[in-house]
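# Residue-level structural notes
The residues making up each chain are set out below.
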Amino acid sequence: MSGYFRKLDSQSDRVEVRSIGKTSQGRDMLLAILAAPETVANLAQVQQDQKSLADPRLVADRPTEERLIAGSKPVVIITGTIHSSETAATFMLMELAWELATGREAWAREVLEKVVVLIVPSVNPDGIDIVADWYARSLGKPWEGKGLPRLYHPYAGHDTNRDFYALNLPETVNLSKVMYEEWFPTVAWDVHQMGSEGARLFVPPFFDPTNPNVDPRITQSILLIGAHMAADLAASGKKGVLHSAMYDNWWNGGNRTTPQRHNMVAILTEAASVRLASPIFLAPTDLRGKTRGFENHQPAVNFPDPWPGGWWRLRDIVEYELIAARSLLTLVARYGKSFQSNYLAMGRDQLARGETEAPYGWLVPLDQHDPAAARRMLETLAKTGIEVHRTTKDVSLYGTTYAAGSWYLPARQPYRAHLKDMMERQKYPNRFTAGGQAEPPYDVAGWTMPLLMGVKTVEIQEPRTIESRKITDWQRPRMTMEGDMTKAKALVVENRSSDDLTLIQALVGAGVPVRFHTRPFEMPGRTIAAGFAEIEANDTSRRTIDTLADRIGSHVIASEKSPASAGASYDLKNQRIALFQPWEPSMNEGWTRLVLERLGIPYVTVHRDDILAGRLHDRFDCLVFPSISPRSLKMGYRPGETEPAYVGGLEGSKDLLKEFVSSGGTIVAIENSCEYVIDELGLPVANAVGSLPSKDFYGPGSILAAVGEKEHPLTLGMPEKFSVYFDRSLGLKSAGKPGNESGTKFETVVRYGPDASALLESGWLLGPDKLSGLTAVGECAVGQGRVVLFAFPAQNRAQTAGTFRLLVNALWRGGMRKIEPGKTANGDTPREGSPFPAGAVGLVK
């Protein structure tokens, strides 16, 4: 694919190919630019025109506006194979590029003359090779085109298309730079595939609900494009075209939904899949609907010409998509002035509404519980085109004065809709099926970024003049020191910033004694809050800190006295962490790896055979099960679904897991894995909401209130109240279990908010009284070890920075040795003047 596009570039003056950045595995992401030769020779002017249309503040006067509308060429971007198992789009885009590069057809010459076409042949080039290699291995086997034993993106799998507001992946960062810094396209089309047994091609418009932050002109333009595609497909005799079904326009975070909040007309299409590239045969009785807006495979207003069944091939998908591509590009070529005029007008309206409608902006105070999370949130917003400012004078709001240098997000900016959608709390409408059950949204219902990341913000509800300057240069965070390191008896880290987790892990990994304190520490002129970390001041700790000084923003305090805690403290020992990876790929496992790597938490990946080999405690201290269904954990792939080496799950591991925990190991189970671990170990725990019908209880992708137990080692460094992400997750409670003769008890560490009326913070939750007060995080002591159960995904899609610390504390839990006040780890009286008394160093070794 790469070679083909580079060859087009070398042989056609209508084509220019650029790399827009590296992928997760270091491949080039390509962008092909196609237009008339004279346009390709002057692309800088095209980019400047689009930038001016996107930001009306750059349009000085009416003549400039008229020139832009009449003389600019709309930019259309088309992206393919963000989901690499949806193979057709890359082939289609190669063929489309050839049609435009040769200009043999009249439609192509018209498009080249009036439009600039950007093609990203794959948003996931790594996955193209992963899928192609597996497909070649599977040919002729019963599992041909199926049974891939790994994610087709190194970390995210299918969730690559859920990362366009969080930007945790290099691929989404690269594409966002194209969209919001370099090209500012007018129209975007993301090309996808879906299941095989329904419609042959879905085209817009989308299904309800729609998001109130999406401009009506976007919605109507989407309808126009979809109708044009459907009409051209019908004229070509293509059957089975569906619209106004399945895919709603509520959620943010996808490659078509995030651009819509940037005044771009963005769509997706979804074609029926084959088995990667192998044809499939579907009898009429195989065809069905059974989804929102598409109850069956019979003729309907939004499905007027059903496909009768038969052979369905990769070439069929390419042909449907090529017709749709020609339709889109021809429409934009002929109505370019209208698209460009709307683009400018929507940006102008957003600027005006930022001055005349609340909220007028958001202040992000300097005093954050997790400064690193606040900084990452702001940097991410900036990468999506949001203007981030810092105040130049103190600001008084609602009885509080915020110091100069606070972060400020003014609502008066062209991408106000995206900013508002990130900062406000979502209120998903109640929607039910004909049978009275909750109607699932397409993806999630709530995504308020400050809540997900644990960032304090202040919404500005009335017009205010706030003196500030726009940030244009984001400096890397740098560690700060306080006090004289050479005279320190101990080093103190507040242990609130997520950067502190990176620092503490590096220190314990280097053998430096670290102790957590559960009571505050009084220092001259200040109080260090409970949960802080005390670090032995020695040459190793100083070298470790120096190594990280230019990479993280932790604050290290040199103390001339050793903290003396009135409460319990915990000495931390380095843990050998194993992360279970099933052969049935798990996106939650991939995101867990990404979070741990970003935080600098070392781990090893283990598979089924590593567990079944036994003697787990000889190799690991902590075993993590990401959110995986109990069936998948236990059974895995069945015979005939993949290569024999990848068949099967953890069946037969029960005694091995019990032995691991009883001998001192820690098991951490996240969300869906909890039920597997509970059953295998016979824990006295039950999911109190698991059997409730969705008409009575339902929480799809929403943000809920939670409360943590003070002074517990799992909540060290956490605020008492915080937000958690709940996506059809669990609500745990104690329950008697047959065979629990050991007397194991279930201890609640984090509860869902006790006030049912205030439990939902963003999204949609039916039956909050069924969940309020139940356990969100708990632990069971089993023999010498313990099991930590997360009822919700604390690391979901690497977006929930506000609960990363809970997960890391759980990973460290087995290495936390409790020290009672006035005692050392071995029960001795402390030696005078020693910040780490006798026995402590031996523990960390």
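For the structure itself, look to the data block above.
These notes cover the structure that comes with them. Not measured: the values here are computed from a predicted model. (Residues numbered from 1 in each chain as written. Predicted model: local features only at pLDDT ≥ 70, side-chain atom pairs only at ≥ 80, totals over all residues. Heavy atoms only, no water.)

### A closer look at the layout of surface pockets
Picture a little ball the size of a water molecule; that probe, rolled over the atoms, points out where space is still empty. There is about 1100 Å³ of room inside the largest pocket. Every residue lining the largest pocket is counted, 44 residues in all, and those nearest its centre are Ala372, Arg376, Pro477, Asp499 and Arg551. For the lining of the largest pocket, the secondary-structure elements that each account for two or more residues are α13 (371-383), α15 (449-453), α16 (498-509) and α18 (587-599). Counting residues per element, the lining of the largest pocket draws most heavily on α13, which supplies nine residues. (1 Å grid on protein atoms, 1.4 Å probe; cavity = no way out; pocket = protein on both sides within 12 Å on 5 of 7 lines; lining within 4 Å. Points joined across faces, edges and corners; volume = space filled by probe spheres on them. Helix = DSSP H or I, 4+ residues; strand = E, 2+ residues; numbered from the N terminus.)

### A few points about empty space enclosed by the protein
A full pass over the atoms with the stated rule returns six cavities of 30 Å³ or more. The volume enclosed by the largest cavity comes to roughly 70 Å³. Lining of the largest cavity is provided by 15 residues; of these, Tyr165, Val444, Trp447, Arg797 and Gln799 occupy positions nearest its centre. Considering only residue class, the lining of the largest cavity consists of six nonpolar, six polar and three charged. Its volume calculated, the second largest cavity comes out at about 50 Å³. Forming the boundary of the second largest cavity are Phe580, Gln581, Pro582, Trp583, Glu584, Arg608, Ser632, Leu633, Gly636, Gly648 and Gly649. (Nonpolar A, V, L, I, M, F, W, Y, C, P; charged D, E, K, R; others polar.)

### Some points on the packing of helix α9 (residues 216-235) against helix α12 (residues 336-356)
One way to put it is that α9 packs onto α12 with a least axis distance of 11 Å and a crossing angle of 160°. Judged by the angle between their axes, α9 and α12 are roughly antiparallel. As α9 runs across α12, the sense of the crossing is left-handed. Where α9 approaches α12, its residues Arg217, Ile218, Ser221, Leu224 and Ile225 are matched on the opposing element by Phe339, Asn342, Ala345, Met346 and Asp349. (Axes fitted to C-alpha atoms, helices over the stretch in contact; angles between N-to-C directions. Parallel < 35°, antiparallel > 145°, perpendicular 65-115°, else oblique. Left-handed = near helix turned anticlockwise from the far one by under 90°. Contact = heavy atoms within 4.5 Å.)

### Brief notes about unusual backbone geometry
With omega at 10°, the peptide bond leading from Pro204 into Pro205 counts as cis. Tracing the backbone shows Pro205 in the loop between β6 (201-202) and β7 (207-210). That bond from Asp208 to Pro209 is cis: its omega, 0°, falls within 30 degrees of zero. Tracing the backbone through its elements, the reader meets Pro209 in strand β7. Even without being glycine, Leu276 reaches a positive phi, approximately 60°.

### A short note on the side chain of Glu761
Here Glu761 lies in strand β37 (residues 760-762). Despite its burial, Glu761 pairs with no opposite charge, the nearest such side chain being Arg425 at 4.6 Å. Beyond its immediate chain neighbours, meaning those up to four positions away, Glu761 contacts Arg425, Leu451, Ile703, Leu704, Ala705 and Ser723. (Buried < 20%, exposed > 50% of the residue type's maximum accessible area, 1.4 Å probe, protein only. Lys, Arg positive; Asp, Glu negative; His and termini not counted. Salt bridge = Lys/Arg side-chain N within 4 Å of Asp/Glu carboxyl O.)

### Regarding the packing of aromatic side chains
Within this structure, the stated rule accounts for 25 aromatic pairs. With 6.0 Å between their ring centres and 35° between their planes, Phe202 and Phe206 make a pair best called tilted. In this structure Phe202 comes out as buried when scored by relative accessible area, which is 0%. What makes Phe206 buried here is its relative accessible area of 12%. For the pair Phe432 and Trp764, a centre-to-centre distance of 6.4 Å together with 75° between the ring planes defines the contact as edge-to-face. You can see Phe432 sitting in the loop between α14 (416-423) and α15 and its partner Trp764 sitting in the loop between β37 and β38 (775-782), a full 332 residues away along the chain. On the basis of relative accessibility, which here comes to 38%, the residue Phe432 falls in the partly exposed class. Here Trp764 falls in the buried class, since its relative accessible area comes to 2%. Put simply, the rings of Trp250, Tyr428, Phe432, Trp447, Tyr698 and Trp764 touch in pairs and so form one group of aromatic residues. Of note, Arg200 hangs over the ring of Trp312, and the distance from its end group to the ring centre comes to 4.8 Å. (Phe/Tyr/Trp six-rings, centres within 6.5 Å; stacked < 30°, edge-to-face > 60°. Lys NZ or Arg CZ within 6 Å of the ring centre and 35° of its normal.)

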